[in-house]
Amino acid sequence: MGLFDRWFSGDNKEALDKGLEKSKQGFFSKVAVAVAGKKTIDADVLDELEEVLISSDVGVHTTLKIIERLEARVKSNPYLGTDQLNSLLKEEISSLLITKNPASDSETVDGKLQVILVVGVNGVGKTTTIGKLAKRWSQEGKKVMLAAADTFRAAAVDQLEVWSDRANVPLVKLAANTDPAAVAYEAINRAVAAQVDVLLIDTAGRLHNKINLMNELSKIKRVLSKVVADAPHEVMLVIDGSTGQNAFEQAKQFSAATEVTSLAVTKLDGTAKGGVVLGISDQFNIPVRYIGVGEGIEDLQPFDAKRFIETFFEVKS
């Protein structure tokens, strides 16, 4: 069992239930309206359902995929009742989400440094996510190091320093306006020398000039690979689930700027837009690694697609 799999071996279902409640209530209330007065799943119901999925921020791409699959099932069995719609939806969403987010194997190799480059726009909870990861892994007995490569925003460095103190892990920072790649290079050298298990590198969250962002991230990756050939081992994009369609745009821009290999979706507890988890994972073919369903450290949960779906479709007695 690896670093990413051991977390929260206790029951975190209550936190997940609470965190998804707004998305769940909003979605199923809309579905209820869509099928009101209908007994079979006809074209009108599917049209209404399409609007429900899009308005729940599942995204057009994924919504059309789901509707097409439902249409095929209705065509083969035109007597499917609206009372079966939820179970059909669950099956189709499961087939998409679990395929994109299979149960992860061990993400680390004992004795080998794991370098994680964390990207995302300012305000999505990127630095807080890094801090929560650091504290949790430190509590698990891992040697963790942080690197403040968002050198053009003093507040980002200060915030990361607060988290390094909370987690009791070292922070590598250089002077303001230093080349971010220089920070990354210094950090990975220190991490290797100190036999660190995980190095988390915070990066700038600017999207106003995609070319500059692309060049900056490419340079960071080059200097990391000079020290550890296969570094970075993960490029994690942090997105704010409450921003809905804006989160799709962020995923698009960062995917164009660098090779994003995983997602952390934050702030799901304060929104009815939980559909972004499905839509972004499916559209961009990027696995979701973590979801944030509250303010506490324990509320940043490793993403379990099966449990996510079970919680979302669970009927309260």
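Numbering of residues starts from 1 in each chain and follows the order in which that chain's sequence is written. The predicted nature of this model means local features are confined to residues of pLDDT at least 70 and side-chain atom pairs, given and counted, to a pLDDT of 80 or more, with totals for whole chains, interfaces and linings taken over all residues. The side-chain values count all of the structure's non-hydrogen atoms but skip hydrogen atoms and water molecules.

A. The arrangement of the environment of aspartate 44 in detail. Working definition: helices are DSSP H or I runs of at least four residues, strands are E runs of at least two. Numbering for both runs from the N terminus. Relative to the assigned elements, aspartate 44 resides in helix α2 (residues 43-55). Separated by ten residues in sequence, aspartate 44 and alanine 34 have C-alpha atoms that sit 8.6 Å apart.

B. The arrangement of a nonpolar patch on the surface in detail. Note that patches include only residues with greater than 30% relative accessible area and no salt bridge, and the join distances are 9 Å for like charges and 5 Å for nonpolar side chains (Val, Leu, Ile, Met, Phe, Trp, Tyr). Here the Shrake-Rupley method, with its probe set to 1.4 Å, supplies the accessible areas, and only the displayed protein chains count as covering residues. Whenever Lys or Arg places a side-chain nitrogen within 4 Å of a carboxyl oxygen from Asp or Glu, that contact is recorded as a salt bridge. On the surface, a nonpolar cluster with roughly 220 Å² of combined accessible area is contributed by Ile54, Val60 and Leu64. With respect to the helices and strands, the residue isoleucine 54 is situated in helix α2. For isoleucine 54, a relative accessible area of 33% puts it in the partly exposed group. For each residue, the accessible area found with a 1.4 Å probe, counting protein chains only, is set against the maximum for its type, and the residue is called buried under 20%, exposed over 50%, and partly exposed in between.

C. Fine view of the confidence of the model for the protein. The predictor attaches a confidence to each residue, called pLDDT, with possible values from 0 through 100. Scored by pLDDT, the protein comes out at a mean of 87, with 92% of its residues at no less than 70. Working rule for contacts: check all heavy atoms of both residues, and any pair within 4.5 Å makes them a contact. Here residues 1-11 scores under 50 on pLDDT; set against residues more than four positions off or in separate chains, the count is 33 contacts.

D. The arrangement of the nonpolar core in detail. The set of buried Ala, Val, Leu, Ile, Met, Phe, Trp, Tyr and Cys residues whose side-chain atoms join them within 4.5 Å is what this entry labels a nonpolar core. Grouped together as the largest cluster of nonpolar side chains are 99 residues, with contacts concentrated most on Leu199 and Leu200. Among the elements that make up this core, the one with the highest residue count is helix α1 (residues 13-35) (seven residues). Ignoring anything within four residues of it in the chain, the contact list for leucine 199 reads Leu113, Gln114, Val115, Ile116, Met145, Leu146, Ala147, Ala187, Ile188 and Ala191.

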